[in-house]
Amino acid sequence: MDKTELETLFSSIMDEPKTFHEGARRIFDILIRVTLEYRDQMLASRDIVVTVEDVQTSLSWLVPCLATGNIPKMENPVCMALLERWLDALKSLPNKHDKF
């Protein structure tokens, strides 16, 4: 999975990516960067390949997790760790009352 595949995956959840404001683009940039770092780390340290399916599974839980604050119990530790990394990275963003 390379950066282009990830960008395509994340872009597929948006109707028209060019119409999104800078804040949304910033979020997707963070998700892509964190995913690529995680992919590289898992391959180098554990010889585990993070798949597109792993990313899709984690992505399916991201919005509900952000909305409720509840982290699901996933049986797949790769997906769970990716979700947790995304949440940690997104904590550094300004809150909804701040301007991007």
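Please refer to the structure placed before this passage.
Enquirer: Can you break down the pattern of salt bridges residue by residue, with the values?
Expert: In total, this model carries 3 salt bridges according to the counting rule given. Close ionic contact of Arg 39 with Asp 40 constitutes a salt bridge, the shortest N to O distance being 2.7 Å. Of the charged contacts in the structure, one is a salt bridge between Lys 91 and Asp 88, with a shortest N-O distance of 3.6 Å. Relative accessible area serves as the criterion here: at 64%, Lys 91 is assigned to the exposed category.

Enquirer: Which residues make up helix α4 (residues 77-90), and what values do they have?
Expert: With 14 residues, α4 should reach 20 Å at 1.5 Å per residue; the first-to-last C-alpha distance of 20 Å fits that figure. Along α4, the residues that are buried comprise Val 78, Cys 79, Met 80, Leu 82, Leu 83, Trp 86, Leu 87, Ala 89 and Leu 90. At the N-terminal boundary of α4, the capping side chain belongs to Asn 76, with an oxygen 2.8 Å from the backbone nitrogen of Val 78.

Enquirer: Go over helix α3 (residues 52-68) with me, naming the residues and quoting the values.
Expert: The terminal C-alpha atoms of α3, which comprises 17 residues, lie 25 Å apart, in line with the 24 Å expected from a rise of 1.5 Å per residue. For α3, the principal kink sits at Leu 62 and spans about 30°; a proline, Pro 64, occurs within the next four residues. Every buried residue belonging to α3 is among Asp 54, Val 55, Ser 58, Leu 59, Leu 62 and Cys 65, and all of these are buried. Two residues or fewer after α3 comes Gly 69, characterised by a positive phi angle close to 80°.

Enquirer: Report on the packing of α3 against α4, specifying residues and quantitative values.
Expert: Running from N to C, α3 and α4 point in directions that differ by 45°, and their axes come no closer than 9 Å. By the angle between their axes, α3 is oblique relative to α4. The two elements α3 and α4 cross, and the hand of that crossing is right-handed. Residues Asp 54, Val 55, Thr 57, Ser 58, Leu 59, Trp 61, Leu 62, Cys 65 and Leu 66 of α3 touch α4, and the partners they reach there are Val 78, Cys 79, Leu 82, Leu 83, Trp 86, Leu 87 and Leu 90. A class-by-class count of the residues in the contact of α3 with α4 yields 13 nonpolar, 2 polar and 1 charged.

Enquirer: Quick rundown of the nonpolar core? Include the residues and the values.
Expert: Core analysis: the biggest nonpolar cluster contains 22 residues, and Leu 62 and Trp 86 have the highest contact counts within it. Mapped by element, the contributors of at least two residues to this core are α2 (22-46), α3 and α4. Of all the elements, α4 adds the most residues to this core, at 9 residues. If we ignore the near neighbours within four places in the chain, the residues touching Leu 62 are Leu 31, Leu 83, Trp 86, Leu 87 and Leu 90.

Calculation rules
Residues numbered from 1 in each chain as written. Predicted model: local features only at pLDDT ≥ 70, side-chain atom pairs only at ≥ 80, totals over all residues. Heavy atoms only, no water. Salt bridge = Lys/Arg side-chain N within 4 Å of Asp/Glu carboxyl O. Buried < 20%, exposed > 50% of the residue type's maximum accessible area, 1.4 Å probe, protein only. Helix = DSSP H or I, 4+ residues; strand = E, 2+ residues; numbered from the N terminus. Expected span 1.5 Å × (residues − 1). Polar contact = N/O pair within 3.5 Å; in protein donor to acceptor, adjacent residues only side chain to side chain. Bend = angle between axes of the 7 residues up to and from the residue. Axes fitted to C-alpha atoms, helices over the stretch in contact; angles between N-to-C directions. Parallel < 35°, antiparallel > 145°, perpendicular 65-115°, else oblique. Left-handed = near helix turned anticlockwise from the far one by under 90°. Contact = heavy atoms within 4.5 Å. Nonpolar A, V, L, I, M, F, W, Y, C, P; charged D, E, K, R; others polar. Core = buried A, V, L, I, M, F, W, Y, C linked by side-chain atoms within 4.5 Å.

Function cannot be inferred from these measures alone, as they are strictly geometric.
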